[in-house]
Amino acid sequence: FREQPIFSTRAHVFQIDPNTKKNWVPTSKHAVTVSYFYDSTRNVYRIISLDGSKAIINSTITPNMTFTKTSQKFGQWADSRANTVYGLGFSSEHHLSKFAEKFQEFKEAARLAKEKSQEKMELTSTPSQESAGGDIQSPLTPESINGTDDERVTPEVTQNSEPRAEPTQNALPFTHSSTISKHWEAELATLKGNNAKLTAALLESTANVKQWKQQLAAYQEEAERLHKRVTELECVSSQANAVHTHKTELNQTIQELESTLKKKEEEIEGLKQEINNARELQAQRDSLTQKLQEVEIRNKDLEGQLSDLEQRLEKSQNEQEAFRNNLKTLLEILDGKIFELTELRDNLAKLIECS
């Protein structure tokens, strides 16, 4: 063949959903061989992967491509010619790093080859000469793609594994509690401001009440004096008419004073109501302060639970890693037994043919 595999590994293959451009769609039911190919006649590098006889990856590496590691075992790159984004889920971080190193190496080689060819052709004509649908130049078989590279690995990533890193749900209680704490702190600050204003108004109202009480006492003394004066004037018969007129005026003055006194009493009742409201606000502030303390205690408990969950998660991950290592060991033993059985079968077949 004109193209030969120069590096091969195994991975789960995904493509970006063409409708949402967000979700990953698996294109292989299990881990398949993914290989780098080099076309010596055209001096280009390609990434090709077959699932049976179907090519699920056929991407030509260009200098402007970038391979991005989105997690410890998942990487992706965009292919503008195929108008898609490819994603690969590896069995370990080591295989992901190896694939990324090769991608960078072949990308640099493609850049150098392109710089050399710029003397003969323009940069803008290159994409039109190689379409995404015409990249496969030779009939490739799974055997030719698999090659003999030692970098092949046993697939350990399940089909339902999530390729993208997701935030852990253990941090949600702490975040929610922090939001509640900030809300109560804002409410407490508002209540403190209102309490300060009400306290100032209460002090001013108390001073006004004292002043009004003094004025009320003075009005009462004046009314009492006027009543006495009316009595004295009534005793004087020679000045009856003048006393009557003066009495009428005094009565009007008394009515005005009583009306003023009533208004002052209503104002005093209003101030008392404001004082009661201020006390209720003070009680609400105390209640909110207590709730804030309870929330802080709850936050501490949640932090302890979060720490415990993180330890349990780490322990679970260690156990899973040990389980994977055991599975890998068993698979290697199984491969050896299968190889021995195959040799035994071939020997028996030869014996039968010879006999």
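What counts and what doesn't
Residues numbered from 1 in each chain as written. Predicted model: local features only at pLDDT ≥ 70, side-chain atom pairs only at ≥ 80, totals over all residues. Heavy atoms only, no water. UniProt positions renumbered as here; feature names shortened; annotations may be inferred. Buried < 20%, exposed > 50% of the residue type's maximum accessible area, 1.4 Å probe, protein only. Helix = DSSP H or I, 4+ residues; strand = E, 2+ residues; numbered from the N terminus. Pairing = 2+ DSSP bridges. Patch = residues over 30% accessible without salt bridge, like charges linked within 9 Å, V, L, I, M, F, W, Y side chains within 5 Å. Areas by Shrake-Rupley, 256 points an atom, 1.4 Å probe, with all protein chains shown as cover. Salt bridge = Lys/Arg side-chain N within 4 Å of Asp/Glu carboxyl O. Core = buried A, V, L, I, M, F, W, Y, C linked by side-chain atoms within 4.5 Å. pLDDT = per-residue confidence, 0-100. Contact = heavy atoms within 4.5 Å. Expected span 1.5 Å × (residues − 1). Polar contact = N/O pair within 3.5 Å; in protein donor to acceptor, adjacent residues only side chain to side chain. Phe/Tyr/Trp six-rings, centres within 6.5 Å; stacked < 30°, edge-to-face > 60°.

For the protein, an unreviewed UniProt entry supplies the name Homer protein homolog 1 and the organism Columbina picui. The Sequence similarities (unreviewed entry) field of the UniProt record for the protein holds the comment "Belongs to the Homer family."

Draft legend 1. Local environment of the pairing of strand 8 (residues 84-89). Taken across its six residues, strand 8 has five buried, putting it largely inside the fold. Relative to strand 8, strand 7 (residues 74-79) runs antiparallel, the two being bridged by six bridges. Paired with Phe-74 across the two strands is Gly-89, which belongs to strand 8. Here strand 7 folds back onto strand 8, and the loop between the two strands holds four residues, one of which, Asn-83, carries a positive phi near 55°.

Draft legend 2. Geometry of a nonpolar patch on the surface. A contiguous nonpolar surface patch, about 400 Å² in accessible area, is contributed by Phe-323, Leu-327, Leu-330 and Ile-333. Within the secondary structure layout, Leu-330 lies in helix 5 (residues 240-354). Residue Leu-330 is classed as exposed on the basis of its relative accessible area of 54%.

Draft legend 3. Summary view of the nonpolar core. In this structure, Tyr-36, Ile-47, Ile-57, Trp-77, Leu-88 and Phe-99 are the most contacted members of the largest nonpolar core, which totals 22 residues. Of all elements in the fold, only strand 1 (3-16), strand 3 (32-39), strand 4 (44-51), strand 5 (54-60), strand 8 and helix 1 (93-117) reach the threshold of two or more residues within this core. With five residues, helix 1 is the single largest residue contributor to this core.

Draft legend 4. Region of the structure containing the confidence of the model for the protein. Taken as a whole, the protein shows an average pLDDT of 78; of its residues, 77% reach a score of 70 or greater. Note on residues 123-177: pLDDT is under 50 here. Beyond four places in sequence and across chains, it has 96 contacts.

Draft legend 5. Expanded view of helix 1. Here helix 1 contains 25 residues, and its C-alpha end-to-end distance of 36 Å stays within 8% of the 36 Å for a straight helix at 1.5 Å per residue. Those residues of helix 1 lying buried are His-95, Leu-96, Phe-99, Ala-100, Lys-102, Phe-103, Phe-106, Lys-107, Ala-110 and Ala-113. Buried residues along helix 1 sit against strand 1, strand 3, strand 4, strand 6 (68-69), strand 7 and strand 8.

Draft legend 6. Structural context of the pattern of salt bridges. The tally for this structure, following the rule as stated, stands at six salt bridges. The closest approach of N and O atoms between Arg-111 and Glu-108, which form a salt bridge, is 2.2 Å. Of the two residues, Arg-111 and Glu-108 both sit in helix 1, three residues apart, roughly one turn of that helix. Note on Arg-111: relative accessible area 30%, which makes it partly exposed. Notably, a salt bridge pairs Arg-225 with Glu-222, separated by 2.5 Å at the nearest N-O pair. Of this pair, Arg-225 and Glu-222 both sit in helix 4 (residues 172-235), three residues apart, roughly one helical turn. For Arg-225, a relative accessible area of 45% gives the class partly exposed. Since its relative accessible area comes to 31%, Glu-222 is described here as partly exposed.

Draft legend 7. Focus on the side chain of Ser-35. Relative to the helices and strands, Ser-35 resides in strand 3. Judged by relative accessible area, which is 0%, Ser-35 ranks as buried. Of note is the side chain of Ser-35, whose polar atom sits 2.8 Å from the side chain of Ser-8.

Draft legend 8. Region of the structure containing the packing of aromatic side chains. As enumerated under the stated definition, the model contains 14 aromatic pairs in all. Judged by centre distance (5.5 Å) and plane angle (40°), the rings of Phe-67 and Phe-103 are tilted. A residue pair is termed long-range when its members are at least 10 positions apart, and Phe-67 in the loop between strand 5 and strand 6 and Phe-103 in helix 1 qualify at 36 residues. In this structure Phe-67 comes out as buried when scored by relative accessible area, which is 13%. For Phe-103, a relative accessible area of 1% gives the class buried.

Draft legend 9. The arrangement of the pairing of strand 7 in detail. Pairing of strand 6 with strand 7 involves two bridges; the strand directions are antiparallel. Each residue of the ladder has a partner; that of Lys-69, found in strand 7, is Gly-75. Between strand 6 and strand 7, which pair antiparallel one after the other, the connecting turn spans four residues.

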